[in-house]
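Tertiary structure, described
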Amino acid sequence: MSRLPRALSGAQPTADSYHLGNYIGAFMNWVALQDDFEAFYFIPDMHAITVDYDPAQLAERTYVAAAQMIAAGVDPERSALFVQSHVPEHAQLAWILNGVTGFGEASRMTQFKDKSSKAGTEFASVGLFTYPILMAADILVYQADKVPVGEDQRQHVELTRNLAQRFNHRFGETFTVPEAYIVKETAKIYDLQEPTNKMSGSNPVHTGVVDLTDTPKQAAKKIKSAVTDSETEIRYDVKAKPGVSNLLTIYSVLTGRTIDDLVKAYEGKQYGHLKVDLAEIVGELVGTFGARTRELLDDRGELDRILAAGAARAREVAAPTLDLVYERSGFAKPLGGRP
């Protein structure tokens, strides 16, 4: 019996809230994929501990992440929503993949270079270095066909493809070789104050980042204060007018109107008109989103139930994959089977 193609993605709980860039660049795509894919969406708490962190803060952020994913439209009845550490097969498969990954290959991963550049590699954790290998395990343990990621993660998906092909060649056909799924139009939303930089929750200057926990008033203020340029014409030109282009992109994605339509609608108008209208749209979004998030967080028992059910569904796929990998790797099967 044929199955639906599988999609897998996750978003780290490394901030107190996801932001508008996460919503547009990731969550909206995740929600759409639920119609045509068997979807697995997870909170990568094991990835989060590869850098310095506070345990109590991580636990709280994990709950917030789950609530916000559901508020964004991830349906636990249609998709497996779970916490990475609740599915031990992720870590078990990562160890196997460590054995087929070259040191030089891992050293070329740009994210490790970026994240370790400030303190230096001497102080970076081994977990940060092997982060892409755990990410490969995240994907391969579900035999995922598509991996919705941003452009900055494409290199990691390529490593995953290489490892899958290498394992298949050495030990027999075992893994589906996945493909990156990147929607060009919504792949990246930029900082409102630094429109040539990606919107990021790790930016210490948060005036250009719309958090999904912002009040409508806070979000509107950030939109109205967005950097534009010294001209007055509203047109889409990423190089010459990155700030205006970013606002048009956000407006287009949230309303479904094309950028060409928006440019025509604002012909002869000032930047202020565009900002006021977009501020209302974004304010309404975060208002509704925030109310739903708080409702979910007020019932931790229900969130626990949802995450436990998601982990059980995930293990139904992950456990047989790991069994096959162990068998192909030459591991002796324990009496009574694996736990």
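Residues numbered from 1 in each chain as written. Predicted model: local features only at pLDDT ≥ 70, side-chain atom pairs only at ≥ 80, totals over all residues. Heavy atoms only, no water.

An unreviewed UniProt entry lists the protein under the name Tryptophan--tRNA ligase, with Aeromicrobium choanae given as the organism. In its Sequence similarities (unreviewed entry) section, UniProt records this for the protein: "Belongs to the class-I aminoacyl-tRNA synthetase family." (UniProt positions renumbered as here; feature names shortened; annotations may be inferred.)

In this structure, Gln-143 takes a positive phi of about 50° despite not being glycine. Along the chain, Gln-143 turns up in the loop between helix 8 (131–140) and strand 4 (146–148). (Helix = DSSP H or I, 4+ residues; strand = E, 2+ residues; numbered from the N terminus.)

A few words on the domain arrangement of the protein. Split by domain assignment, the protein resolves into domain 1 (6–186 + 300–329) and domain 2 (216–295). For domain 1 versus domain 2, the separation of C-alpha centres amounts to 31 Å. With eleven residues of domain 1 at the interface, the matching set in domain 2 holds eight residues. Buried surface at the junction of domain 1 and domain 2, both sides included, amounts to about 860 Å², of which 86% is carbon and sulfur. Counting across the domain 1 and domain 2 interface gives zero salt bridges. Here domain 1 is connected to domain 2 by zero residue pairs in polar contact (both at pLDDT 80 or more). Those elements that place two or more of their residues in the side of domain 1 that touches domain 2 are helix 1 (20–33) and helix 3 (55–72). It is helix 3 that contributes the most residues to the side of domain 1 that touches domain 2, five residues altogether. Looking at the side of domain 1 that touches domain 2 residue by residue, the class counts come to eight nonpolar, two polar and one charged. (Domains from an automatic or database assignment. Contact = heavy atoms within 4.5 Å. Buried area = accessible area lost by both parts, 1.4 Å probe. Salt bridge = Lys/Arg side-chain N within 4 Å of Asp/Glu carboxyl O. Polar contact = N/O pair within 3.5 Å; in protein donor to acceptor, adjacent residues only side chain to side chain. Nonpolar A, V, L, I, M, F, W, Y, C, P; charged D, E, K, R; others polar.)

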